[in-house]
Amino acid sequence: MHVLLKNFSPHSEAYGLQYLPPSLKLTKGQNIRCGVNFAVAGATAIEAEFFTKMGIGNTLWTNDSLNIQLEWFKKLKPSLCTTKQDCDSHFKKSLFLVGEIGGNDYNYAAFAGGNVTQLLATVPLVVEAITKAVIALIDEGAVELVVPGNLPIGCNSVYLTQFRSQNKEDYDNYGCLKAFNDFAQYHNKQLNLALETLRHKYPHARIIYADYYGAALQFFHAPGRYGFIRTLSACCGGGGPYNFNNSARCGHIGSKACSIPSTHANWDGIHLTEAAYRIIAKGLVHGPFSNPPFKPAPFKLA
């Protein structure tokens, strides 16, 4: 079984698994023994009430936080197993992908006018929410869990547009915003520390950290090696230096997509292209961007 609390389909491809059905669209009697996807677009790790108190609750795409997704899993669990012995046997053969989650927590705050200092204050809350979800899943019987870190958001078109600077010192040698990449690394460090604590507390569980940041830097630092012509500007957008225009976002009036998405790393300013995610997935499944390493996949990703 392959249970996701956020979706990343190339992982499924690598192990020859089918794409997982979304939990909210399951039909009566549907076979879910192969797994379920509990992901929701725009979901946060922290509860929605936190953002309402900040005064930015109206910007959230959804109120279905990580904890709510976890409750959906608990309600669905009796459909998979009933006794503790049955559940233990079933979940020993299961992979739980917990994330990538937390990025939206920072996105909402940043795009509402928050600066890096303000975002840093949120990191402990985000890491705590992720940690609690991992503990809850282990308590439910999970023994193999993958917990991804944050991506290099300083290379994302939306951040490059929103926080565009005239100061060259704000950018690294590859054109990414240093402050926001440093922030992503800080989040990842704190998450790693929390996961290491969990490994000592739950030695029977295999808790894998998925280094999305390092895997993504490969093509931001050497785009030509991976067949990319553009990495910092979006394939689908409404113009501007990085082809991101908030009033003409991808899919909205005034936007259009590039003719060959596989030559771009960035899809719509926030999300990456399928080609980019495939490179990240290969780096995780086949190494070296997961700790401890994934169990060997049956075949190589193309």
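In the block above lies the structure referred to throughout.
Below or above, wherever it landed, is the structure these notes cover. Along each chain, residues carry numbers from 1 onward, in the same order as the chain's sequence is written. Only residues with pLDDT of at least 70 get local features here, since the model is predicted, and only at 80 or more are side-chain atom pairs given and counted; chain-wide, interface and lining totals rely on the full set of residues. Note: side-chain values were computed over all heavy atoms of the structure, leaving out hydrogens and water.

**Considering the state of the cysteines**
Two cysteine sulfur atoms form a disulfide, by the criterion used here, when they sit within 2.5 Å. Applying the stated criterion across every chain, the model contains four disulfides. Here Cys155 connects covalently by a disulfide to Cys176, the sulfurs 2.1 Å from one another. Between Cys155 and Cys176, the disulfide has an S-S torsion of 105° and is therefore right-handed. Here Cys176 lies in the loop between helix H8 (157–162) and helix H9 (178–201) and Cys155 lies in the loop between strand E3 (144–148) and H8, a separation of 21 residues in the sequence. Each member of the pair, Cys155 as well as Cys176, carries the same accessibility label: buried. Paired through a disulfide, Cys235 and Cys258 show a sulfur-sulfur distance of 2.0 Å. Working definition: helices are DSSP H or I runs of at least four residues, strands are E runs of at least two. Numbering for both runs from the N terminus. Burial classes follow relative accessibility: with a 1.4 Å probe on protein chains only, a residue under 20% of its type's maximum area counts as buried, one over 50% as exposed, and anything between as partly exposed.

**Details of H9**
The end-to-end C-alpha distance of H9 is 35 Å, a good match for the 34 Å that 24 residues give at a rise of 1.5 Å each. Listing the buried residues of H9 in full gives Phe180, Asn181, Phe183, Ala184, His187, Asn188, Leu191, Ala194, Leu195, Leu198 and Arg199. Expected helix span is given by 1.5 Å per residue-to-residue step, counting one fewer step than there are residues.

**Examining the side chain of Asn150**
Mapped onto the elements, Asn150 comes out in the loop between E3 and H8. Given the relative accessible area of 3%, Asn150 is considered buried. Contact definition: two residues touch when any of their heavy atoms are within 4.5 Å. When neighbours within four sequence positions are excluded, Asn150 is seen to be in contact with Glu100, Gly103, Tyr106, Ala184, His187, Asn188, Tyr212 and Tyr213.

**Remarks on the environment of Thr117**
Following the sequence through the fold, Thr117 ends up in helix H6 (residues 116–120). Along the sequence, Thr117 and Ala179 sit 62 residues apart, while their C-alpha atoms lie 10.0 Å from each other.

**Structural notes on the nonpolar core**
Grouped together as the largest cluster of nonpolar side chains are 85 residues, with contacts concentrated most on Ile130, Leu137, Leu145, Val147, Ile207, Phe219 and Ile280. If one sorts the elements of this core by residue count, helix H7 (residues 123–139) sits on top with 10 residues. Filtering out sequence-adjacent residues up to four positions away, Leu145 remains in contact with Phe96, Val98, Val134, Leu137, Ile138, Ala205, Arg206, Ile207 and Ile208. Only buried Ala, Val, Leu, Ile, Met, Phe, Trp, Tyr and Cys residues count toward a nonpolar core, and they belong to the same one when joined by side-chain atoms within 4.5 Å.

**Quick look at the pattern of salt bridges**
For this document, the term salt bridge refers to a Lys or Arg side-chain nitrogen within 4 Å of an Asp or Glu carboxyl oxygen. Tallying each qualifying case throughout the model produces six salt bridges. Here Glu128 ties to Lys132 by a salt bridge, and the two come within 3.5 Å at their closest N and O atoms. Remark: Lys132 and Glu128 occur in helix H7; sequence separation between them is four residues, near one turn of the helix.

**Points about the packing of aromatic side chains**
For any pair of aromatic rings, the description consists of the separation of the ring centres together with the inter-plane angle of the planes. Aromatic rings from Phe, Tyr and Trp, taking only the six-membered ring of Trp, are treated as a pair when their centres fall within 6.5 Å; an angle between ring planes under 30 degrees marks them as stacked, one over 60 as edge-to-face, and anything in between as tilted. Here the structure, examined in full by the defined rule, presents 13 aromatic pairs. When the ring of Phe73 is compared with that of Phe91, the centres are 6.0 Å apart and the planes differ by 45°; the resulting orientation is tilted. You can see Phe73 sitting in helix H3 (residues 66–76) and its partner Phe91 sitting in helix H4 (residues 84–91), a full 18 residues away along the chain. Phe91 shares its class with Phe73; the two are buried. Plain terms: the ring middles of Phe91 and Phe96 are 5.5 Å apart, the flat faces sit at 70° to each other, and that makes the pair edge-to-face. Comparing Phe91 with Phe96, the two get one shared label, buried.

Nothing here speaks to function; it is geometry throughout.
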